[in-house]
Amino acid sequence: MDFVSSRKRVHCWIVVCGLLITLNSCSFLQWTVVRNYPPNKPFVYDNKITVKGNVSKDEKIQLTEELGKYWDDSLQVRKVQQFYFKYKIKNPPLFDSNNIVRSVNLMNAYLNSKGYYYASFTDTVKMDTVNDQVRVKVEMGINVGKNITIDSVSYELRDSNLQKLTRSAEKDKLLKKGAPYTKALISAELDRLVGLYRQNGYYRFTRDDIYAEADTTDTRLLQLTLDPFKQAQIIADAARIRRENPTWDITIFKRPAVDSASLRQYYIGKLYFYPEMSLSDIPDSVLKRKDFTEFTRRTITMRYKKGIFNYRPLREHTFLSRGKLYNESDYFKSINTLGQIGAWQQVDARPVIRDNDSLDIYFFLVPAIKQNFTIDLEGSKNTADFSLGNLWGISTNFSYNNKNVWKSAIQSLTTLRAGVELNLLTGGDNSLLQTFLINAGHTYVFPKLIQPFTNWRALNNLENKRTLVSINGSYVDRRTFYQLRSLTASWGYEWKKGNNVWLYKPLNVEIYAIDTLKGLRDLFVSNPFLRASFNSGKVVSQSLSLVRSFTDTRNPNKSHYFHMGLEEAGGLFGLIPGLRDDIYRYIKLEADYHQTIKFRKTELAWRTYAGMGYNYGTDSLRDKSLPFFKQFFAGGPYSMRAWGLRQLGLGRSIASDDTATTYRDRFGDMQLEANIEYRFPLTTVAGIKVSSAFFADMGNVWNLKASSIDPAAQFSLSNLYRDLAIGVGTGVRIDFSYFLIRLDFAYKLKDPARQYNNGWADKFQWFENRPNGLKINNYAVQLGIGLPF
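Residues numbered from 1 in each chain as written. Predicted model: local features only at pLDDT ≥ 70, side-chain atom pairs only at ≥ 80, totals over all residues. Heavy atoms only, no water.

K.L.:
So, the side chain of Asp-209: which residues are in play, and what are the values?
P.N.:
Relative to the assigned elements, Asp-209 resides in the loop between α6 (183-198) and β8 (210-215). Among buried Asp, Glu, Lys and Arg side chains, Asp-209 stands out as unpaired, with Lys-254 the closest opposite charge at 5.5 Å. Here Asp-209 is in contact with Arg-204, Phe-253, Lys-254, Arg-255 and Ser-262, once residues within four sequence places are set aside. (Helix = DSSP H or I, 4+ residues; strand = E, 2+ residues; numbered from the N terminus. Buried < 20%, exposed > 50% of the residue type's maximum accessible area, 1.4 Å probe, protein only. Lys, Arg positive; Asp, Glu negative; His and termini not counted. Salt bridge = Lys/Arg side-chain N within 4 Å of Asp/Glu carboxyl O. Contact = heavy atoms within 4.5 Å.)

K.L.:
Hey, could you go over the nonpolar core for me, with residue numbers and the actual values?
P.N.:
Ranked by internal contacts, the top residues of the largest apolar core, which has 27 residues, are Leu-271, Phe-273, Leu-338, Trp-344, Ile-361, Phe-363 and Leu-365. For this core, the secondary structure elements donating two or more residues are β10 (267-274), β12 (300-304), α10 (328-340), β13 (344-354) and β14 (358-367). Apart from residues lying up to four places away in sequence, Leu-271 is in contact with Thr-299, Ile-300, Thr-301, Thr-318, Leu-320, Ile-361 and Phe-363. With 25 residues, the next largest nonpolar core counts Ile-49, Val-55, Ile-100 and Tyr-116 among its residues. (Core = buried A, V, L, I, M, F, W, Y, C linked by side-chain atoms within 4.5 Å.)

K.L.:
Describe in detail the sheet that holds strand β5 (residues 120-130), supporting the description with residues and values.
P.N.:
Sheet strands line up and pair through hydrogen bonds in the backbone, either parallel or antiparallel. Read from one edge of the open sheet, 3 strands run β2-β6-β5, paired in mixed fashion. Each edge of the open sheet carries a strand with a single partner, namely β2 (42-52) and β5. For this sheet, the mean inter-axis angle between neighbouring strands, taken without regard to orientation, is 15°. Along the sheet face, helix α3 (residues 57-67) touches β2 and β6 (133-143) and points at about 155° away from the line of β2. (Pairing = 2+ DSSP bridges. Axes fitted to C-alpha atoms, helices over the stretch in contact; angles between N-to-C directions.)

K.L.:
Please set out the packing of helix α5 (residues 160-168) against α6 residue by residue, giving values where relevant.
P.N.:
When two helices pack together, their arrangement is given by the angle between their axes and by how far apart the axes lie. At a minimum axis distance of 10 Å, the contact between α5 and α6 shows a crossing angle of 110°. The angle between α5 and α6 places the two elements in the roughly perpendicular class. As α5 runs across α6, the sense of the crossing is right-handed. Across the interface between the two elements, Leu-162, Leu-165 and Thr-166 of α5 pack against Leu-193, Leu-196 and Tyr-197 of α6. (Parallel < 35°, antiparallel > 145°, perpendicular 65-115°, else oblique. Left-handed = near helix turned anticlockwise from the far one by under 90°.)

K.L.:
Can you tell me about the packing of aromatic side chains, naming the residues and giving the values?
P.N.:
All chains considered together, the criterion is met by 38 aromatic pairs. Look at Phe-273 and Phe-363: their rings are 4.7 Å apart centre to centre, the planes differ by 5°, and that puts the pair in the stacked class. With Phe-273 in strand β10 and Phe-363 in strand β14, the pair connects residues that are 90 residues apart, well separated along the chain. Looking at Phe-273, the relative accessible area reads 0%, which means it is buried. Looking at Phe-363, the relative accessible area reads 0%, which means it is buried. (Phe/Tyr/Trp six-rings, centres within 6.5 Å; stacked < 30°, edge-to-face > 60°.)

K.L.:
Now, about the environment of Gly-784: what can you tell me, with residues and values included?
P.N.:
With respect to the helices and strands, the residue Gly-784 is situated in strand β32 (residues 779-785). C-alpha of Gly-784 to C-alpha of Tyr-638: the two residues are 146 residues apart in sequence and 7.6 Å apart in space.

K.L.:
Tell me about the sheet that holds strand β7 (residues 149-156), and name the residues and values.
P.N.:
Overall, mixed pairing links the 3 strands, which are arranged β7-β9-β8 in an open sheet. The two strands at the open ends of the sheet, each matched to only one other strand, are β7 and β8. Each strand axis lies, on average, 20° off the axis of its neighbour in the sheet, ignoring direction. Note: β8 against strand β9 (residues 247-254), 6 bridges, orientation antiparallel. Within the sheet, the bridge partner assigned to Tyr-211 lies in β9 and is Phe-253. Helix-sheet contacts for α6 involve β7, β8 and β9, and the interaxial angle to β8 is about 145°.

K.L.:
Hey, could you go over α6 for me, with residue numbers and the actual values?
P.N.:
For α6, built from 16 residues, the straight-helix expectation of 22 Å at 1.5 Å per residue is met to within 8% by its first-to-last C-alpha distance of 23 Å. Every buried residue of α6 is listed here: Leu-185, Ile-186, Glu-189, Leu-190, Arg-192, Leu-193, Val-194, Gly-195, Leu-196, Tyr-197 and Arg-198. Buried positions along α6 lie against β7, α5, β8, β9 and α10. (Expected span 1.5 Å × (residues − 1).)

K.L.:
Outline the pattern of salt bridges, listing residues and values.
P.N.:
All chains considered together, the criterion is met by 34 salt bridges. When the shortest N-O distance is used, the salt bridge between Arg-354 and Asp-360 registers 2.6 Å. A salt bridge links Glu-567 to Lys-630, with the shortest nitrogen-to-oxygen separation between them at 3.3 Å. Placement of Glu-567 in strand β23 (residues 558-569) and of Lys-630 in the loop between β25 (603-615) and β26 (670-685) is noted, with a sequence separation of 63 residues between them. Neither residue differs from the other here; Glu-567 and Lys-630 are each classed as buried. A single network of salt bridges, built from pairs that share partners, joins Lys-598, Glu-603, Arg-641, Glu-677, Arg-679, Asp-697, Arg-733, Arg-742 and Asp-744.

K.L.:
Go over the packing of α3 against helix α4 (residues 98-113) with me, naming the residues and quoting the values.
P.N.:
For the pair α3 and α4, the least separation of the axes is 11 Å and the interaxial angle reads 140°. In terms of orientation, α3 and α4 fall into the oblique class. Seen from above, α3 lies across α4 with right-handed handedness. Along its contact with α3, which presents Leu-63, Glu-66 and Leu-67, the element α4 presents Met-107, Tyr-110 and Leu-111. Each residue belonging to the contact of α3 with α4 can be placed in one class, and the counts come to 5 nonpolar, no polar and 1 charged. (Nonpolar A, V, L, I, M, F, W, Y, C, P; charged D, E, K, R; others polar.)

K.L.:
Lay out unusual backbone geometry with the relevant residues and their values.
P.N.:
In this chain, Gly-649 is followed by Leu-650 through a cis amide linkage whose omega measures -10°. One can find Leu-650 in the loop between β25 and β26. One non-glycine residue, Asn-40, lies in the positive phi region at around 60°. Along the chain, Asn-40 turns up in the loop between β1 (32-35) and β2. At Ala-686, a position not held by glycine, the phi torsion is positive, near 55°. Note that Ala-686 resides in the loop between β26 and β27 (688-702). Ala-686 sits in the exposed class, given a relative accessible area of 78%.

K.L.:
Just give me the short version of the side chain of Asn-700, but keep the residues and values in it.
P.N.:
Within the secondary structure, Asn-700 is located in strand β27. Asn-700 gets classed as buried once you look at its relative accessible area, which sits at 1%. In this structure the side chain of Asn-700 is engaged in a polar contact, spanning 3.0 Å, whose partner is the backbone oxygen of Gly-651. Of note is the side chain of Asn-700, whose polar atom sits 2.6 Å from the backbone oxygen of Asp-723. Sequence-distant contacts of Asn-700, defined by excluding residues within four places in its chain, comprise Leu-648, Gly-649, Leu-650, Gly-651, Met-670, Gln-671, Leu-672, Asp-723 and Pro-752. (Polar contact = N/O pair within 3.5 Å; in protein donor to acceptor, adjacent residues only side chain to side chain.)

K.L.:
Tell me about the environment of Asn-310, residues and numbers included.
P.N.:
Structurally, the position occupied by Asn-310 is in the loop between β12 and α9 (312-316). Expressed as a C-alpha distance, the spacing of Asn-310 and Trp-406, which sit 96 residues apart in the sequence, is 8.4 Å. Apart from residues lying up to four places away in sequence, Asn-310 is in contact with Met-302, Lys-407 and Ser-408. In terms of polar contacts, Asn-310 uses its side chain to reach the backbone amide nitrogen of Arg-312, at 3.1 Å.

These values are about where atoms sit, not about what they do.
This is the structure in structure tokens:
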């Protein structure tokens, strides 16, 4: 019975959210105001496109959105959103049926570029009179027909070397038999070929040197026959096949050479660097100047005046070598890599032809400001727990950055952070100051991989190679509960290959010392399992992480982000007898994926996260779980927003709901979470964009190892449905371009800590009382900076 009622409530919430989203998407027709219209004359009020045909749902959506851009200007509806459901049409154009013909021509041209050459158009015009407004709604029904497919692909390049290169890279060709024909695909294949040739020395080869030809001739029509009936049958069969399965043959040709240099292969000559350019310098003038000091080492020549840079970072981040064939990919990779080091704010280059087949490359680099410091003030609000009141977090951050240490483009970053967490609703035993934090750190970023294998050729293909050395110390005072001191040091390597950014730390040392105060010691009495998390200790670990972000090639409005991290502690160093009992031994894995789909004015974003850590140490007390500074937690402005920071979990446990204390932070060895948001604009005020979102969060935090004291905190697949928390809400986002302020309101739709109805809310109420008398908020207000994901 509980399951049935719970399902009804879920359906109710889904219907409510669906109605809100539908109302938002249909608001243009519901709340539209027309200004400066021609009275008693027909004007364009709305237009609509309906795509039909044997195409996929995604293709229909994309075609509908793109075709909407091809209405004739006089049929465009220029609407301005003023506030949420309210839109305004100003100066609408007079309706003229002749403009429909022009729109059909524009749309048909677009469909031709996508390979639809047999589309049919049906237009419908509806007029509606409202007072002195004669509103015209134009609807265009388009049956796109069958998409042309490619029957065969051939290359006629009239040069044996180009033909050989083309065959060697045939596996990468974009034009394939059976693929849909589009002009964009043809263009992309021509770009691929030009790129292939320019990567193999053909510096002067351009798009103008090749072209594609489509053969639409049906060879059946070339059959000779004297029988007029048979000839008519052949024509009819050809027309039928063209409608049902139209195919074209594609051939890539090379144009006759006007300049023989386009067929000449060029080799890298000398490399010249000007690392002290200014923004006002003109490269042509700089090349003629003779007042530079010149330093030459091997194939690199550096020309300078002040001598503020060493030549090594220039050599190590240049992918061009003297005597090798010119490769355009390596040319641009060198420019981009030098620009991403941080020592230079702008990098440009110019190839100059010398001795008929050599290219000298001149690099012009404008130095960035060497030293700078920043001071930031951050704030966050967390209203979720009645007894904790309104927690405000305030912190200030100071950072000092030197981008050219020892003249070697080494970056040095020093940071200092101090912050407090305040309880604005003080009373009883609650004091204003809840938490105090101070943190200091220093990092060196070397623009290369410092490692002993100097001839490891595989490293030459990596981009943005960096070595990171850092040290960090912090002190946290959690009033009446604990004082934590930590010192961490690490050595790591970061590099990029394609869309993947890797970070590997072969050595990470962390030392933690914790003093447990009376409030926490009292909790140990009622929940001894907490003692396993709050211990002093050392961590000697190594870690590997991957970040991959990219845009969908088939749908440029869809972007993806993926992060994976793996940390292993004590596996190697724990084998040393002297360290085995003195360091933590665990393995920790986490993965995060989110996707954003952009529509014309709105976007849909969703995220999934999973993390797990397992302590395989042998200490019966310390190794029951991960140390709390390595554990997972949920809640706050960037996680489960209906719960306060660290206030969700563990599982359906209520062990932390103790009326005798205000400490209810929850940490666990495992976390699952999923989030979804529908984001839409509200209005624009003085150039500042105001938007909103409907969102839902689902997830929880658990322990992995069993505890007889609190079995409800352990993860169990059979209890997953019961343990999942669900929050729904909405919010306001104010976008200042350089940063975004977000205020979210969320409600606990399903709280695992509710001891009735499987955790589902059976009615709306702001507060509720636990069986032990503890009063809990069923909502939370979260203040955050930036989007939640």
